[in-house]
Amino acid sequence: MFMEKHSIDYIPSHERHGKARSLFTIWFSANAQITTVVTGVLAIVLGLNLGYAVLAIVIGNLLGGLFMAYHSAQGPKLGVPQMIQSRAQFGKIGAILPLILVIVMYIGFFSSSAVLGAQALSGVLHLSVTMSIIIVNIAAVLLVTIGYDLIHTYEKYVAIVFVILFLYISVRMLQFLPHVHSTPVPFHWSAFLLVISIMASWQLTYAPYVADYSRYLPENTSVTATFFWTYLGSVISSSWMMILGAMAAIIAPKQSADMVQYLEQLSGTHWFFVTGIIIFLGVLAINALNLYGGFMSVTTTLGAIRHLHVTGWQRMLFILSVGAIGTLISILGQGDFLTEYSNFILLLLYFIVPWTSINLVDFYFLRKGKYDIEGILGRNDAYAGINLAAIVAYVIGVLVQFPFMNTTLHEGFIAKWMHGADIAWVVGLFVSAFFYYLPMRLQMNRELSKTQLNL
């Protein structure tokens, strides 16, 4: 296995390899980790009983997974990373706007996941959490430095370990569940819709990642196969983990506030060490993706300002820089994790949704997968400058969500009228699509007319 030499450049046909089914294990492993379990706790914390929590978790993941999986299908067709594709919609300079937001997202998830992985490692090795954070993130840096093939191989084999551990934990929880005596919880549509939004946001925030891990697949890989394996791996794993989190919040509401410690205790004295190590491996599975995407997004952003030919040493420097920033944030932000984390992923949703809508509309409905790759890479002026149609659609897509938002920072008047229900992401999705599709369709028709006249 060799160190990856590509960063944000095009993957030529003779270097394409692999099968679409490899996407199942990479997305299964990415979600089979402690941060996903913690997200499931929110379904109970926000006021649902277990039955409705499970239903909201599954619906949210099924809906959100559709969009992230369709992004995955772009990889084999274009052969470039996910976020550099944004240049085709926003322009080379205009794409800096979503790129900066995505970099914040990558670093945020990298930092928050590292805290949970460090707690697990600290518990089994009796190290300080700070030292454990450093170890967790060094492991991610080493994995990402080797690159694409090692990441795929790692995710493939740890998936087996994760299945064994979480099957065991599932059985243990099901043994406890019948003996739990909980107060009946009245059903509220507002809480149900809010939980669906959070679970959908989990999937939607993967949208900037997915083509990064399918871009080496052969060009003739079908959209159906790429979509199918990505969708199944992500939705099955995330739904399973989140349901475990919801069950933990019912069985042991106080203990589930420290999910790492609870899972270690649940596994029993003999398996305490093994569980802690596997939780660490799960965090490494997702943080490798966070760091890999983070370094490529930073490279794409800087490459829009000045031409970059990324050498091996420059690649390593970018990886180390993103890893160092994420590590510092992890060390400084070890406090009230659950509250800050839920606020963070909801806030991200509002900014990711318009981007994912614009990107998918452009790829599947406007250009239908036909792009000037040299233009995307900045080697000609095909997508130079700023595409105002995309910027305007994006800004409108963000702003239109405010009346529908329900967060600790802001509750919109429509969300209040709906008793706290949050459907902002649905509104943002369709509005940004509408305001992008119409002007771009007109622009493309005008360009086609000019071409025909010249002929």
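Given the structure is predicted, the values throughout are model-derived calculations rather than measurements. (Residues numbered from 1 in each chain as written. Predicted model: local features only at pLDDT ≥ 70, side-chain atom pairs only at ≥ 80, totals over all residues. Heavy atoms only, no water.)

## Observations concerning the overall build of the protein
So the rule is basically this: The helix and strand labels rest on DSSP assignments: H or I over at least four residues marks a helix, E over at least two residues marks a strand, and numbering proceeds from the N terminus. Both definitions apply: the radius of gyration is a C-alpha atom measure, and the globule rule equals 2.2 Å times residues to the power 0.38. When a residue's accessible area, from a 1.4 Å probe over protein chains only, is under 20% of the maximum for its type it is buried; when over 50% it is exposed; and in between it is partly exposed. Note on contacts: a residue pair is in contact if any heavy atoms of the two residues lie within 4.5 Å. Residue exposure ignores everything except the shown protein chains as possible cover, and the areas themselves are Shrake-Rupley values with a 1.4 Å probe. By the counting scheme adopted, Arg and Lys are positive, Glu and Asp are negative, and His together with the chain ends is not counted. To locate a charge, take NZ of a lysine, CZ of an arginine, CG of an aspartate or CD of a glutamate.
For the protein, the count of helices and strands is 18 helices and 0 strands. Its C-alpha radius of gyration of 22 Å places the protein within 12% of the 23 Å reference for a compact globule of 455 residues. The principal-axis extents of the C-alpha atoms in the protein amount to approximately 80 × 55 × 40 Å. Within the protein, the fraction of its 455 residues that count as buried is 57%. Partitioning the contacts of the protein with sequence separation of at least 6, the portion at a separation of at least 24 is 86%. If you sum the accessible surface of the protein, you get close to 18900 Å²; carbon and sulfur atoms cover 70% of it. Within the protein, one finds 21 positive and 18 negative side-chain charges whose respective centroids are separated by 7 Å.

## Comments concerning the nonpolar core
Within soluble globular proteins, side chains that are nonpolar tend to cluster in buried spots. Condition: We call a set of buried Ala, Val, Leu, Ile, Met, Phe, Trp, Tyr and Cys residues a nonpolar core when their side-chain atoms join them within 4.5 Å.
Core analysis: the biggest nonpolar cluster contains 130 residues, and Trp 27 and Met 173 have the highest contact counts within it. The element that contributes the greatest number of residues to this core is helix H12 (residues 272–305), accounting for 14 residues. In this structure, Met 173 is in contact with Leu 244, Met 247, Ala 248, Ile 251, Tyr 262, Leu 263 and Leu 266, ignoring residues within four places of it in sequence. In terms of nonpolar packing, the next biggest core, distinct from the first, is built from 7 residues, Tyr 350, Met 405, Ala 424 and Val 427 among them.

## Quick look at the pattern of salt bridges
Worth spelling out the cut-off: Take a side-chain nitrogen of Lys or Arg and a carboxyl oxygen of Asp or Glu: if they are within 4 Å of each other, that pair is a salt bridge.
Under the defined criterion, the tally for this structure stands at 5 salt bridges. Its salt-bridge partner being Asp 362, residue Arg 367 comes within 2.9 Å of it at the nearest N-O pair. In this pair, the class of Arg 367 matches that of Asp 362, namely buried. For the salt bridge of Glu 374 with Arg 379, the shortest nitrogen-to-oxygen distance reads 3.4 Å. Glu 374 sits in the partly exposed class, given a relative accessible area of 37%. Put simply, Glu 4, Arg 215 and Arg 315 are held in one network by salt bridges that share partners.

## Side note on a nonpolar patch on the surface
Quick note on the threshold: Any residue with relative accessible area above 30% and no salt bridge may belong to a patch, with like charges joined within 9 Å and the nonpolar Val, Leu, Ile, Met, Phe, Trp and Tyr side chains within 5 Å.
A cluster of nonpolar side chains, namely Leu 125, Leu 127, Met 131, Ile 134, Ile 135, Ile 138, Leu 142, Tyr 168, Trp 271, Phe 273 and Val 274, defines an oily patch on the protein surface of about 960 Å² accessible area. Of the residues forming the nonpolar patch, the biggest block, 5 residues, is contributed by helix H7 (residues 129–146). Mapped onto the fold, Ile 135 is located in helix H7.

## Some thoughts on the environment of Phe 166
Residue placement: Phe 166 occurs in helix H8 (residues 148–176). On the accessibility criterion, Phe 166 (3% relative accessible area) is buried. Distance in space between the C-alpha atoms of Phe 166 and Ser 267 is 9.9 Å, their sequence separation being 101 residues. Those residues in contact with Phe 166 that sit more than four places away from it in its chain are Ala 32, Val 37, Trp 240, Met 241 and Leu 244.

## Quick word on the environment of Thr 35
In plain terms, the rule: In protein, a polar contact requires one atom able to donate a hydrogen and another able to accept it; more generally it is a pair of N or O atoms within 3.5 Å, and residues adjacent in sequence count only if both atoms are side-chain atoms.
Along the chain, the position of Thr 35 falls in helix H2 (residues 34–45). The class for Thr 35 is buried, based on a relative accessible area of 0%. C-alpha of Thr 35 to C-alpha of Gly 245: the two residues are 210 residues apart in sequence and 9.6 Å apart in space. A distance of 2.8 Å separates a polar atom in the side chain of Thr 35 from a polar atom in the side chain of Gln 33. At a separation of 3.3 Å, a polar atom in the side chain of Thr 35 contacts the side chain of Ser 113.

## Thoughts on the packing of H8 against helix H10 (residues 223–251)
Worth spelling out the cut-off: Each axis is a line fitted through C-alpha atoms, taken for helices only over the stretch in contact, and angles between the N-to-C directions span 0 to 180 degrees. Two helices cross in a left-handed way if the nearer one is turned anticlockwise from the farther one by less than a right angle. They cross in a right-handed way if the turn is clockwise. In the scheme used here, Gly and all other residues not listed as nonpolar or charged are polar, with Ala, Val, Leu, Ile, Met, Phe, Trp, Tyr, Cys and Pro taken as nonpolar and Asp, Glu, Lys and Arg as charged.
For the pair H8 and H10, interaxial distance at closest approach is 10 Å and the crossing angle is 35°. Here the hand of the crossing between H8 and H10 comes out left-handed. From H8, Val 163, Phe 166, Leu 167, Ile 169, Ser 170, Met 173, Leu 174 and Phe 176 reach across to H10, where they touch Trp 240, Met 241, Leu 244, Met 247, Ala 248 and Ile 251. Among the residues forming the contact of H8 with H10, the class breakdown is 13 nonpolar, 1 polar and no charged.

## With respect to the packing of aromatic side chains
This is how the line gets drawn: Stacked, tilted and edge-to-face are the three classes assigned to paired rings of Phe, Tyr and Trp, where Trp is represented by its six-membered ring and a pair needs centres within 6.5 Å; plane angles under 30 degrees give stacked, over 60 edge-to-face, the rest tilted.
Under the criterion given, the structure shown has 27 aromatic pairs. Seen in terms of ring centroids, Phe 109 and Trp 202 are 6.4 Å apart; in terms of plane orientation they differ by 80°. Their pairing is edge-to-face. Taken together, the residues Phe 109 in helix H6 (residues 96–125) and Trp 202 in helix H9 (residues 189–204) connect sequence positions 93 residues apart. Ring geometry for Tyr 148 versus Tyr 216: centroids 4.1 Å apart, planes at 35°, classification tilted. Taken together, the positions of Tyr 148 in helix H8 and Tyr 216 in the loop between H9 and H10 put the pair 68 residues apart, joining distant regions of the chain.

## Notes on helix H11 (residues 259–266)
With 6 of 8 residues buried, H11 lies mostly within the body of the structure. Restricting attention to buried positions, one finds in H11 the residues Met 259, Val 260, Tyr 262, Leu 263, Glu 264 and Leu 266. At its buried positions, H11 is contacted by H2, H6, H8, H10 and H12. Downstream of H11 by one or two residues, Gly 268 has phi in the positive range, about 95°.

## Topic: the packing of H11 against H12
Convention followed: Each angle is binned into one of four classes, with values under 35 degrees roughly parallel, values over 145 roughly antiparallel, values of 65 to 115 roughly perpendicular, and all other values oblique.
Between H11 and H12, the least distance of the axes is 8 Å, while the angle of their chain directions is 140°. As judged from the angle between their axes, H11 and H12 are oblique. At the point where H11 passes H12, the crossing takes the right-handed sense. Residues Val 260, Leu 263 and Glu 264 of H11 pack against Phe 272, Thr 275, Gly 276 and Ile 279 of H12.

Interpretation in functional terms is not warranted from these geometric data alone.
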